[in-house]
Amino acid sequence: MKYTVSMEIALPRERVAQLLADPAHMPKWLRGLVLHEPLSGGHGQVGTKSRVVFQTGKQRMECTETVTRREPADLHGIPEGQVVHFDREIVGEGMWSAARDRLTEAGPGTTLWESENEYRFSGVMMRLVGLLMPGAFRKQSLQHMQDFKAFAEQGEDVREAKD
């Protein structure tokens, strides 16, 4: 299963890249994030493997994330017109996914965030979930982007949401 989602954020590309890359901010916009800890390497650096745990209600998901691309490595003084790339692979029980995020300048002080996502499932249950609920994955990706946008633009924190 493959899909692409995108969103404009009313901040300069360099600031968006820095906010996305900062592990201290992740719990503020990644709903349900319990833990994101590097097992090897430095957070966000190419080759780094991290243990990631999400909790939604009573449902707990643990996976391993590997950073496969980050360009540029230094997110300060990014040349005008350069596309920022954050790519990672995520492996969990019955699932493999790849996310390829691109940040481009959409206009003065505005960033376009495009995220290509690919999922492969193994095991009967995960294959059924992928077949019967493909929209749920796209919806979750958009929710993460909307939450990041609200955090970046207005300082909203998903942990304080009044659901």
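Residues numbered from 1 in each chain as written. Predicted model: local features only at pLDDT ≥ 70, side-chain atom pairs only at ≥ 80, totals over all residues. Heavy atoms only, no water.

Asks: Run through unusual backbone geometry, naming residues and quoting values.
Replies: Cis geometry marks the peptide bond from glutamate 71 to proline 72; its omega dihedral reads -10 degrees. With respect to the helices and strands, the residue proline 72 is situated in the loop between strand S4 (59-71) and strand S5 (84-92). (Helix = DSSP H or I, 4+ residues; strand = E, 2+ residues; numbered from the N terminus.)

Asks: Tell me about helix H4 (residues 134-154), and name the residues and values.
Replies: Its 21 residues place the ends of H4 30 Å apart at the C-alpha level, agreeing with the 30 Å of an ideal helix rising 1.5 Å per residue. When we look at burial in H4, the residues that qualify are Phe137, Ser141, His144, Met145, Asp147, Phe148, Ala150, Phe151 and Ala152. Of the residues trailing H4, glycine 155 is marked for its positive phi of about 75 degrees. (Expected span 1.5 Å × (residues − 1). Buried < 20%, exposed > 50% of the residue type's maximum accessible area, 1.4 Å probe, protein only.)

Asks: Explain the side chain of histidine 144 to me, using residue names and the numbers behind them.
Replies: Take histidine 144: it is sitting in helix H4. For histidine 144, a relative accessible area of 16% gives the class buried. In this structure histidine 144 touches Trp29, Leu30 and Arg31, once residues within four positions along its chain are discounted. (Contact = heavy atoms within 4.5 Å.)

Asks: Outline the sheet that holds strand S1 (residues 2-9), supporting the account with residue identities and numerical values.
Replies: Strand order in the open sheet made by the seven strands is S1-S7-S6-S5-S4-S3-S2, with antiparallel pairing throughout. Only two strands of the sheet have a single partner each, and these edge strands are S1 and strand S2 (33-40). Between one strand axis and the next, the sheet turns through 25 degrees on average, direction left out of account. Direction of pairing for strand S3 (residues 49-56) relative to S4: antiparallel, over a ladder of eight bridges. Bridge pairing in S4 places glutamine 55 opposite arginine 60. The strands touched by helix H1 (residues 13-21) within the sheet are S1, S4, S5, strand S6 (95-107) and strand S7 (110-121), with S6 carrying the most contacts at an inclination of about 155 degrees. In the packing of H4 onto the sheet, the strands contacted are S1 and S7, and the crossing angle to S1 comes to about 15 degrees. (Pairing = 2+ DSSP bridges. Axes fitted to C-alpha atoms, helices over the stretch in contact; angles between N-to-C directions.)

Asks: Report on a nonpolar patch on the surface, specifying residues and quantitative values.
Replies: Together, Val124, Met125 and Leu128 make up an exposed nonpolar region whose accessible area comes to about 320 Å². In this fold, valine 124 is placed in helix H3 (residues 124-132). For valine 124, a relative accessible area of 65% corresponds to the exposed category. (Patch = residues over 30% accessible without salt bridge, like charges linked within 9 Å, V, L, I, M, F, W, Y side chains within 5 Å. Areas by Shrake-Rupley, 256 points an atom, 1.4 Å probe, with all protein chains shown as cover. Salt bridge = Lys/Arg side-chain N within 4 Å of Asp/Glu carboxyl O.)

Asks: Please provide a residue-by-residue account of the environment of serine 50, values included.
Replies: Tracing the backbone shows serine 50 in strand S3. Residue class for serine 50 comes out buried when judged on its relative accessible area of 2%. Sequence separation between serine 50 and proline 38 is twelve residues; the distance between their C-alpha atoms is 4.0 Å. In this view, serine 50 contacts His36, Glu37, Pro38, Leu39, Cys63, Thr64 and Glu65; residues no more than four positions away in its chain are not counted.

Asks: Any details on the nonpolar core? Residues and values, ideally.
Replies: Judged by nonpolar contacts, the single largest core of 32 residues is most densely connected at Leu20, Phe86, Leu103, Trp113 and Phe148. Once residues lying within four places of it in the same chain are set aside, the contact partners of phenylalanine 148 are Ile9, Val16, Leu19, Leu20, Trp29 and Trp113. (Core = buried A, V, L, I, M, F, W, Y, C linked by side-chain atoms within 4.5 Å.)

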